[in-house]
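Tertiary structure, described
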Amino acid sequence: FPVTIDIVDSSPPLPNLIVFDGSGKRIDENVFYEAREKNKLIVWGGSPTHEKDLELVLTSIRRISRQEKVAFAFVGYTHRALLEIVPKDRLFLFSLVPNSVYISMMQMIRGDIGIAPVAEHPFNLGKSNPRVMEYCFFKWLPVSSNYPTYQGAAPGPSCTPLHRSS
């Protein structure tokens, strides 16, 4: 059944949410909520088809996780290298969920920054830009590759993606 949660700072937990830490161990979702409140939360979501896209940001994630007060939430696919470079207490893994609850889950996560890297590849030229649109909808800062897929993706001046070269 679809679950809807309003986008407000006091969003309740999503029932039956399953959260894993960076070591793959299931954790109480309150551990995630506590880490989210203490850190800026950087979010990414996608399938294993994005492996090359995520490889673009591994070095940046390593640096940021060592120098800044951040935590990471990865929905769906998680690049294996992330398990080694992000401290286990600041890496939270969420399973893929049916489309009917995806938006509710992303609302519950309440990120601060959403990343949208794309590798230069003919397949990515054919993609549309829903990822940046989602991040804008959630009022997260979108950080995307400076690639045709995301150029001009902002729905308006209140949400302009920060583009970084791939």
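To start, this report covers the structure provided alongside it. (Residues numbered from 1 in each chain as written. Predicted model: local features only at pLDDT ≥ 70, side-chain atom pairs only at ≥ 80, totals over all residues. Heavy atoms only, no water.)

In terms of burial, strand β4 (residues 70-76) is a largely internal element, six of the seven residues being buried. Relative to β4, strand β3 (residues 40-46) runs parallel, the two being bridged by seven bridges. Residue pairing for β4: Leu41 is matched across the bridge by Ala71. Bridge analysis of β4 against strand β5 (residues 91-94) gives four bridges, and the strand direction is parallel. The partner of Phe74 across the bridge, within β5, is Leu93. (Buried < 20%, exposed > 50% of the residue type's maximum accessible area, 1.4 Å probe, protein only. Helix = DSSP H or I, 4+ residues; strand = E, 2+ residues; numbered from the N terminus. Pairing = 2+ DSSP bridges.)

Counting residues in each nonpolar core, the largest one holds 43 residues, and the members touching the most others are Phe32, Ile61, Phe74, Phe94 and Ile109. Among the elements that line this core, the one with the most residues is β4, at six residues. In this structure, Ile109 is in contact with Phe32, Arg36, Leu41, Val43, Ala73, Val75 and Phe94, ignoring residues within four places of it in sequence. (Core = buried A, V, L, I, M, F, W, Y, C linked by side-chain atoms within 4.5 Å. Contact = heavy atoms within 4.5 Å.)

Let us now look at the side chain of Arg131. Within the element layout of this structure, Arg131 appears in helix α7 (residues 130-137). Classification of Arg131 as buried rests on a relative accessible area of 18%. Side chain to side chain, Arg131 and Tyr102 meet in a polar contact 3.0 Å long. When near neighbours in sequence (up to four residues on either side) are disregarded, Arg131 contacts Gly45, Gly46, Tyr102, Ile115, Ala116 and Tyr150. (Polar contact = N/O pair within 3.5 Å; in protein donor to acceptor, adjacent residues only side chain to side chain.)

Let us now look at unusual backbone geometry. One non-glycine residue, Arg110, lies in positive phi territory at about 50°. Topologically, Arg110 is positioned in the loop between α5 (99-109) and β6 (113-116). What makes Arg110 buried here is its relative accessible area of 15%. For Lys139, which is not glycine, the phi dihedral falls at a positive 70°.

With that out of the way, let us pick up helix α3 (residues 58-67). Helical geometry note: an α-helix holds 3.6 residues per turn, so side chains three or four residues apart project in the same direction. Looking only at α3, the buried set comprises Leu58, Ile61 and Ser65. All buried residues of α3 lie within an arc of 60° about the axis, which places them on one face of the element. Residues Thr59, Arg66 and Gln67 are exposed on α3 and point more than 90 degrees away from its buried face. Buried-residue contacts for α3 involve α2 (51-55), β4, α4 (82-85) and β6. (Arc of directions from axis to C-beta.)

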